[in-house]
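Examination of the molecular architecture
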Amino acid sequence: NMYEKDGRSVLLTANVRDGRAPATDIEEYSGEKDGLPMTFTGLVAGENGNFYFAGGSPGTLSSIYEWNIESKGEATILSCSSSC
């Protein structure tokens, strides 16, 4: 799930494998500390822990990114609205 907190986008993950039990292992990911742009939207899950989304910040162009939740490295720009 995604939401906004203090002007930044936040990705919220949780283990919900047992639909009868409360969610466990709840984690929040946002901003530079987690390798994500300030804002992002349109999150799509890919294979091997990869996520794809549109995002940016006041100082960067809107871009399409790839980010791996397992490595938590800096999101990679795949395409941008102008020359990157």
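Right above here is the structure, for reference.
On the secondary structure map, Ser30 appears in the loop between strand 3 (24-29) and strand 4 (39-45). Setting aside chain neighbours within four positions, we find Ser30 in contact with Ser9, Val10 and Leu36.

Although it is not a glycine, Asp6 sits at a positive phi angle of roughly 55°. With relative accessibility at 73%, the residue Asp6 sits in the exposed group.

Here we come to the packing of aromatic side chains. Within this structure, the stated rule accounts for four aromatic pairs. Where Phe40 meets Phe53, the ring centres are 5.3 Å apart and the plane angle is 50°; that geometry is what we call tilted. Separated by 13 residues along the polypeptide, Phe40 in strand 4 and Phe53 in strand 5 (residues 50-56) bring together distant segments of the chain. Among the residues examined, Phe40 registers a relative accessible area of 6% and is labelled buried. One aromatic cluster is present, formed by Tyr29, Phe51 and Trp67 through successive ring pairs.

Moving on, we come to the pattern of salt bridges. Counting across every chain of the model gives two salt bridges. A salt bridge links Lys5 to Glu28, with the shortest nitrogen-to-oxygen separation between them at 3.3 Å. On the criterion of sequence distance, the pair formed by Lys5 in strand 1 (residues 2-5) and Glu28 in strand 3 is long-range, its members being 23 residues apart. Judged by relative accessible area, which is 39%, Lys5 ranks as partly exposed. Taking the relative accessible area as the measure of exposure, Glu28 reaches 36% and is therefore partly exposed. When the shortest N-O distance is used, the salt bridge between Asp34 and Lys33 registers 2.8 Å. Look at Asp34 and you get buried, because its relative accessible area is 10%. Among the residues examined, Lys33 registers a relative accessible area of 64% and is labelled exposed.

Rules used in this analysis
Residues numbered from 1 in each chain as written. Predicted model: local features only at pLDDT ≥ 70, side-chain atom pairs only at ≥ 80, totals over all residues. Heavy atoms only, no water. Helix = DSSP H or I, 4+ residues; strand = E, 2+ residues; numbered from the N terminus. Contact = heavy atoms within 4.5 Å. Buried < 20%, exposed > 50% of the residue type's maximum accessible area, 1.4 Å probe, protein only. Phe/Tyr/Trp six-rings, centres within 6.5 Å; stacked < 30°, edge-to-face > 60°. Salt bridge = Lys/Arg side-chain N within 4 Å of Asp/Glu carboxyl O.

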